[in-house]
Amino acid sequence: MSDIRLEQLTRSYGSAKAVDNVSLSIAEGEFYSLLGPSGCGKSTTLRMVAGFVAPTSGRILIGGQDVTELPPERRGIGIVFQNYAIFPHMSVGENIAFGLKLRRKSRDEIRTAVTDALAQVGLSGFEGRYQRNLSGGQQQRVALARVLVTQPRILLLDEPLSALDKALREEMKFWIKDLQQRLGITTIYVTHDQDEALTMSDRIGVMRAGRVEQSGTPREIYEEPATLFVTTFIGQSNVLEVMAGPRDCEHASATLEGYRLIAAGGTGISEGAPARLVVRPENILMGDEVARNGLVALDARVVGETYQGAMMRYRLRLGAQELVAERQNQSHLTRWHPGDTVQIGWDPGRARLLPAG
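My aim in this report is to walk through the structure given alongside it, one point at a time. This structure is a prediction, so every number in the text was calculated from the model and none was measured.

1. Structural notes on the sheet that holds strand β9 (residues 203-208)
Either a parallel or an antiparallel arrangement is found when strands of a sheet pair, and the pairing is made through backbone hydrogen bonds. Reading across from one edge, β6-β7-β8-β3-β9-β10 is the order of the six strands in this open sheet, with mixed pairing throughout. Here the strands that pair on one side only, and so sit at the sheet edges, are β6 (77-80) and β10 (211-216). Direction aside, the axes of adjacent strands within the sheet are offset by 15° on average. In terms of strand pairing, β6 meets strand β7 (residues 154-158) through four bridges, oriented parallel. Counted as the bridge partner of I79 is L156 from β7. Strands β3 (31-35), β6, β7, β8 (186-191) and β9 of the sheet are contacted by helix α1 (residues 42-50), whose axis makes an angle of about 150° with β7.

2. Some thoughts on the sheet that holds strand β17 (residues 311-318)
Read from one edge to the other, the open sheet built from five strands follows the order β15-β19-β16-β17-β18, with strand pairing classed as antiparallel. Among the strands making up the open sheet, the edge pair consists of β15 (285-286) and β18 (321-328). Bridge count for strand β16 (residues 298-308) against β17 is seven bridges, and the pairing is antiparallel. Bridging across to β17, R301 finds its partner in R317.

3. Things to note about unusual backbone geometry
Of note in this structure, R104 is not a glycine but carries a positive phi near 60°. Here R104 lies in the loop between α2 (92-102) and α3 (107-120).

4. With respect to the packing of aromatic side chains
Where two aromatic rings form a pair, the distance of their centres and the angle of their planes describe that pair. Scanning the entire structure with this criterion turns up five aromatic pairs. Note on F31 and Y189: the rings are 5.5 Å apart at their centroids and 35° apart in plane angle, and the pair reads as tilted. With a gap of 158 residues between them, F31 in strand β3 and Y189 in strand β8 connect regions that are remote in the sequence. Ring centres of F229 and F233 lie 5.4 Å apart, and the angle between their planes is 20°; on these two criteria the pair is classed as stacked. Here F233 and F229 lie together in helix α8 (residues 228-233), a separation of four residues that amounts to about one turn. Side by side, F229 and F233 carry an identical accessibility label, which is buried.

5. Digging into the packing of α2 against helix α4 (residues 136-148)
α4 packs onto α2 with a crossing angle of 30° between their chain directions and a minimal axis gap of 7 Å. When the axes of α2 and α4 are compared, the pair comes out roughly parallel. As α2 runs across α4, the sense of the crossing is right-handed. Contacts from V92, N95 and I96 in α2 reach V142, A145 and R146 in α4. Considered class by class, the residues forming the contact of α2 with α4 number four nonpolar, one polar and one charged.

6. A short note on the nonpolar core
Membership of the largest hydrophobic core comes to 35 residues, with the highest contact counts inside it found for I96, L144 and I176. Listed by contribution, the elements that provide at least two residues to this core are α2, α3, α4, β7 and α5 (166-183). For I96, the residues in contact, after removing those within four places along its chain, are V114, A117, L118, V142, A145, R146 and V149. With 29 residues, the next largest nonpolar core counts A263, I269, Y314 and L353 among its residues.

7. As for α4
Here α4 is 13 residues long and its end C-alpha atoms lie 18 Å apart, about the 18 Å a rise of 1.5 Å per residue gives. Within α4, 12 of the 13 residues are buried, which leaves the element mostly enclosed by the surrounding structure. Among the residues of α4, those classed as buried are G137, Q138, Q139, Q140, R141, V142, A143, L144, A145, R146, V147 and L148. Those residues of α4 that are buried lie in contact with β6, α2, α3, β7 and α5.

Rules and cut-offs
- Residues numbered from 1 in each chain as written.
- Predicted model: local features only at pLDDT ≥ 70, side-chain atom pairs only at ≥ 80, totals over all residues.
- Heavy atoms only, no water.
- Pairing = 2+ DSSP bridges.
- Helix = DSSP H or I, 4+ residues; strand = E, 2+ residues; numbered from the N terminus.
- Axes fitted to C-alpha atoms, helices over the stretch in contact; angles between N-to-C directions.
- Contact = heavy atoms within 4.5 Å.
- Phe/Tyr/Trp six-rings, centres within 6.5 Å; stacked < 30°, edge-to-face > 60°.
- Buried < 20%, exposed > 50% of the residue type's maximum accessible area, 1.4 Å probe, protein only.
- Parallel < 35°, antiparallel > 145°, perpendicular 65-115°, else oblique.
- Left-handed = near helix turned anticlockwise from the far one by under 90°.
- Nonpolar A, V, L, I, M, F, W, Y, C, P; charged D, E, K, R; others polar.
- Core = buried A, V, L, I, M, F, W, Y, C linked by side-chain atoms within 4.5 Å.
- Expected span 1.5 Å × (residues − 1).

Honestly, it's all geometry; don't read function into it.
Pasting the structure below:
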């Protein structure tokens, strides 16, 4: 078994906590991303799982075994860093064989394992090449092959695409996800790039200041953010100042510029308390769409428009507050311009009420 469980994992440096009481469960074969800004503790968490950093407190279990005190080489883990660490004086084949030679495998075993690993990463026939003859994407594949050849039960990836250009990052993120699915290997992926996390992950843990603020599927993280930080870090959101209204067993309500609105979330927010209503730009309907969908119509004024190819982006003023709406740029759809008044609205299930703090 290669499931992972972190129990109240903490790493302190003096009085500062780089990782603060993190508890997570990652299923066997799952692709789990730790996502957050620089300095949030995601890489420190990964290095504790790898065994390179000792926890101040807490436990790490892999397949039910407590590995907290085990050295890295006894954990069955492979790790790939952002700088690849390929030895330039060795050929691709020698790089991949390096770990197997340390394990004193026979020459025939090494030859077969290297051939198989190169086939796994789509680099068959590259054994004799050197780092200077490889593209960034090919170097990344060699680094992965060097890890996979040792048949680890856990794969750890620490910002592996950050050194690549945008086009190559796009290509490699799908390639890595496809490889992980084919191998069925439990994977923890560290990134600050929300698009990578949303595209590649089965689940995501969003970290801030050493803690996991929310853990869930990409859809849950994007559509049901638990905190204002998650809301603003993942994608773009309109965050509107509102006053919390009464709540029933299913929905919250809020008052915005004199309108009473229904929203999801709102648990634990007292009626009459300041709150924040969160709605994504793509979920705002405009003009005739509002009445056609039976939504509460709010009168807004267009203060700006931006052409973005397939999308039009509108800046809107609603009373004293501004928000942004995005619509597909199609010839049959109405266009608005600065100074126009337009009715806007949104499905209550697409808006969330969160605490103001």
